[in-house]
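Chains, contacts and geometry: an overview
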Amino acid sequence: MFNCILTICMLIFGVDLSHHNKVNIADLPDSIEFVYAKASEGKNFTDKRYKTYKQQCREQNKLFGAYHFWSLKSSGQEQFEHFKKVAGKDLDLIPVLDLEWADEEYNPFVQNKEVKVFIKLCEEYYGVKPIIYSPSKFYLLYLVLDFWDCKYWCSTLANTWFNIINHKAVITQVKINKDIDVNYVKDLNSIKRHIPSH
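Residues numbered from 1 in each chain as written. Predicted model: local features only at pLDDT ≥ 70, side-chain atom pairs only at ≥ 80, totals over all residues. Heavy atoms only, no water.

1. A look at the nonpolar core
Counting 43 residues, the largest nonpolar core has Y50, L99 and L143 as its most contacted members. Take this core: its biggest share by element is 6 residues, from helix α4 (residues 108-126). Other than its neighbours up to four places away in sequence, L99 contacts W70, Y106, V115, I132, Y133, S134, P135, F138 and L143. In terms of nonpolar packing, the next biggest core, distinct from the first, is built from 13 residues, Y67, I94, I131 and L188 among them. (Core = buried A, V, L, I, M, F, W, Y, C linked by side-chain atoms within 4.5 Å. Buried < 20%, exposed > 50% of the residue type's maximum accessible area, 1.4 Å probe, protein only. Helix = DSSP H or I, 4+ residues; strand = E, 2+ residues; numbered from the N terminus. Contact = heavy atoms within 4.5 Å.)

2. Things to note about the confidence of the model for the protein
Predicted confidence across the protein gives a mean pLDDT of 86, with 81% of residues reaching 70 or more. For residues 1-8, every residue scores under 50 in pLDDT, and the model assigns this stretch 3 contacts once sequence neighbours within four places are set aside. When the criterion is pLDDT under 50, residues 169-173 qualifies, and its contacts beyond four places in sequence or with other chains add up to 7 contacts. (pLDDT = per-residue confidence, 0-100.)

3. A few points about the environment of K73
Tracing the backbone shows K73 in the loop between β4 (63-69) and α3 (76-87). According to the relative accessible area criterion, K73 is exposed, its value standing at 81%. On a C-alpha basis, the gap between K73 and Q111 in space is 9.5 Å, while along the polypeptide they are 38 residues apart.

4. Regarding the pattern of salt bridges
With the rule as written, the count across this model stands at 9 salt bridges. Between E78 and K43 there is a salt bridge; the shortest N-O distance is 4.0 Å. Taken together, the residues E78 in helix α3 and K43 in the loop between β2 (32-41) and β3 (45-46) connect sequence positions 35 residues apart. On the basis of relative accessible area, E78 is assigned to the partly exposed category, the value being 36%. Among the charged side chains, a salt-bridge network with shared partners connects E123, K129 and D149. (Salt bridge = Lys/Arg side-chain N within 4 Å of Asp/Glu carboxyl O.)

5. Remarks on the pairing of strand β6 (residues 131-134)
Neither face of β6 is exposed, since I131 and Y133 on one face and I132 and S134 on the opposite face are all buried. Pairing of strand β5 (residues 96-98) with β6, which is carried by 3 bridges, proceeds in the parallel orientation. Looking across to β6, one finds that D98 is bridged to Y133. You can see the chain leave β5, run along α4 and come back into β6, and the turn it takes is right-handed. Both β6 and strand β7 (residues 152-154) contribute to a ladder of 3 bridges, which runs parallel. Across the sheet, the residue bridging to S134 is C154, located in β7. (Pairing = 2+ DSSP bridges. Right-handed = clockwise from strand over helix to strand, strands pointing away.)

6. Structural notes on helix α5 (residues 136-147)
Compared with the 16 Å implied by 1.5 Å per residue over 12 residues, the 13 Å span of α5 between its first and last C-alpha is markedly short. Residues of α5 that are buried include every one of S136, F138, Y139, Y142, L143 and F147, and no others. Relative to the axis of α5, the buried residues are bounded by an arc of 160° and lie together on one face. Looking at α5, the residues exposed on the side facing more than 90 degrees away from the buried face are K137 and L145. (Expected span 1.5 Å × (residues − 1). Arc of directions from axis to C-beta.)

7. A short note on the side chain of S40
With respect to the element layout, S40 can be found in strand β2. Leaving out residues up to four positions away in the same chain, S40 has contacts with F45, Y67, H68, F69, H82, F83 and V86.

Below, the structure is given as structure tokens:
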């Protein structure tokens, strides 16, 4: 029992948001220390709430990161160019690439080649490979062999040993709107961008 309480106390909580969530960052509890917001999708979709969330996080001193939702209809280069234009370079957290598609839609022989382009460009621009966000089954079937060197964010309740961020934390100590997903990490440094000083 004591170990369980101690573990919960050591966790660091955050949320992931998009235009589907109409949230004021100032209304989030103090226990929420980091926020990821959707910046873009494909080569031309920009999330209309991204700039607002980014600004509010700056005002509330919340660590902020951006994610891109992968499209099957655009190249990796097109998608990254759009992402960096929307997200900006001033991110506190490692960028995230959201990959979640039905098995019949996703052709790993085609898509993984383009994902590799996105990852390469991301590393060149941000100085770090993106975290991959995906359901555990999809990740194990299509992604892990090609992208084992990227940190992994599990988008399901499965608490796998290799994921860096756990999604949808069911912990009553974090009081928050039921429509917002609460995530947690054990080490905040594992998702921070470490920008070298010059």
